[in-house]
Amino acid sequence: MGRIAKGVKMFRYILPLLLILFSGCSTKKLDIDFDPSFNITAMSTFALIYNSGLNDERLAEAITHEMQTKGYVRAAENEADFDITFYSIIEEDVPSNAGVGFGIGTFSSGLGLSLGTVRGFSNDEGTIVINMDETATQKIFWSATLTKKVENFNTPQERAEYFNEAASEMLKEFPKK
């Protein structure tokens, strides 16, 4: 088998490894924290407290849907058992440390091939924070933070889907009523 053929054969083994490496470079981080001593079973109504804006409205609708699916009822701010506050931040051009390199060569024949690039990919990341506190005491008993890559949104529906998925993921472990 020739040296070039060996290099091509080696490339067939390296390429899948590179693909696995880059498929795992997702920028998603979910952090959930809660007070295990808090008695959530006594709670049945919630109020949403947030700033006005298109994305905030989308996120409010997504959170409301998830909470109602779990059996909680949305109420006025002064009538709810607990309050849900949230905010979202989009950070633009978050640098990535991804790089690609590949090389083939032989020691004795002077034949070689090298390909390499180190490129800093830039991404936009969105961070959403949801806090829940008991209305009477203002004590936070549940907190969730999600940071993930923000795709380019071509339509308002795509934005709504982004916030629906985020709220679903963030509230997945919140107890049902």
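For the structure, check the block above.
Residues numbered from 1 in each chain as written. Predicted model: local features only at pLDDT ≥ 70, side-chain atom pairs only at ≥ 80, totals over all residues. Heavy atoms only, no water.

1. Describing the overall build of the protein chain
Along its length, the protein chain carries 3 helices and 8 strands. Residue burial in the protein chain is summarised as follows: out of 177 residues, 31% are buried. Restricting the contact set of the protein chain to residue pairs at least 6 apart, pairs at least 24 apart contribute 75%. (Helix = DSSP H or I, 4+ residues; strand = E, 2+ residues; numbered from the N terminus. Buried < 20%, exposed > 50% of the residue type's maximum accessible area, 1.4 Å probe, protein only. Contact = heavy atoms within 4.5 Å.)

2. Concerning the pattern of salt bridges
For the structure shown, the criterion picks out 2 salt bridges. Note that K28 is salt-bridged to E169, the shortest N-O span being 3.7 Å. Of the two residues, K28 is situated in the loop between α1 (3-23) and β1 (29-34) and E169 in helix α3 (residues 156-171); the sequence distance between them amounts to 141 residues. Note that K139 is salt-bridged to D35, the shortest N-O span being 2.8 Å. Of this pair, K139 sits in the loop between β7 (122-134) and β8 (140-150) while D35 sits in the loop between β1 and β2 (45-49), placing them 104 residues apart in sequence. (Salt bridge = Lys/Arg side-chain N within 4 Å of Asp/Glu carboxyl O.)

3. Description of the pairing of β2
The element β2 is largely enclosed, with a buried count of 4 among its 5 residues. As defined by bridge partners, β2 adjoins strand β3 (residues 73-74) across 2 bridges and the pair is classed as parallel. Of the residues in β3, the one forming a bridge with T45 is V73. A crossover links β2 with its parallel partner β3, the connecting element being helix α2 (residues 54-69), and its sense is right-handed. (Pairing = 2+ DSSP bridges. Right-handed = clockwise from strand over helix to strand, strands pointing away.)

4. Details of the packing of α2 against α3
Running from N to C, α2 and α3 cross one another at 45°; their axes reach a closest spacing of 8 Å. Between α2 and α3, the angle is such that the two are oblique. Crossing angle aside, the handedness with which α2 passes α3 is right-handed. Contacts from N55, R58, L59, A62, I63, E66 and M67 of α2 reach α3 at P156, R159, A160, F163, N164, A167, S168 and L171. Partitioning the contact of α2 with α3 into residue classes produces 9 nonpolar, 3 polar and 3 charged. (Axes fitted to C-alpha atoms, helices over the stretch in contact; angles between N-to-C directions. Parallel < 35°, antiparallel > 145°, perpendicular 65-115°, else oblique. Left-handed = near helix turned anticlockwise from the far one by under 90°. Nonpolar A, V, L, I, M, F, W, Y, C, P; charged D, E, K, R; others polar.)

5. Some words on the pairing of β8
Counting buried positions over the 11 residues of β8 gives 8, a clear majority of the element. Pairing of β1 with β8, which is carried by 6 bridges, proceeds in the antiparallel orientation. When the bridges of β8 are listed, K29 appears paired with T147.

6. Quick word on unusual backbone geometry
Even without glycine at this site, Q138 takes up a positive phi of about 65°. You can see Q138 is positioned in the loop between β7 and β8.

7. Some points on the side chain of D56
Mapped onto the secondary structure, D56 falls in helix α2. Buried D56, no salt bridge; nearest opposite-charge side chain is R58, N-O distance 9.2 Å. Ignoring sequence-local partners within four residues, the contact set of D56 consists of Y50, N51, F86 and S88. (Lys, Arg positive; Asp, Glu negative; His and termini not counted.)

8. Describing α3
Spanning 16 residues, α3 covers 23 Å between terminal C-alpha atoms, matching the ideal 22 Å at 1.5 Å per step. Of the positions making up α3, those classed as buried are A160, Y162, F163, A166, A167, E169, M170 and L171. (Expected span 1.5 Å × (residues − 1).)

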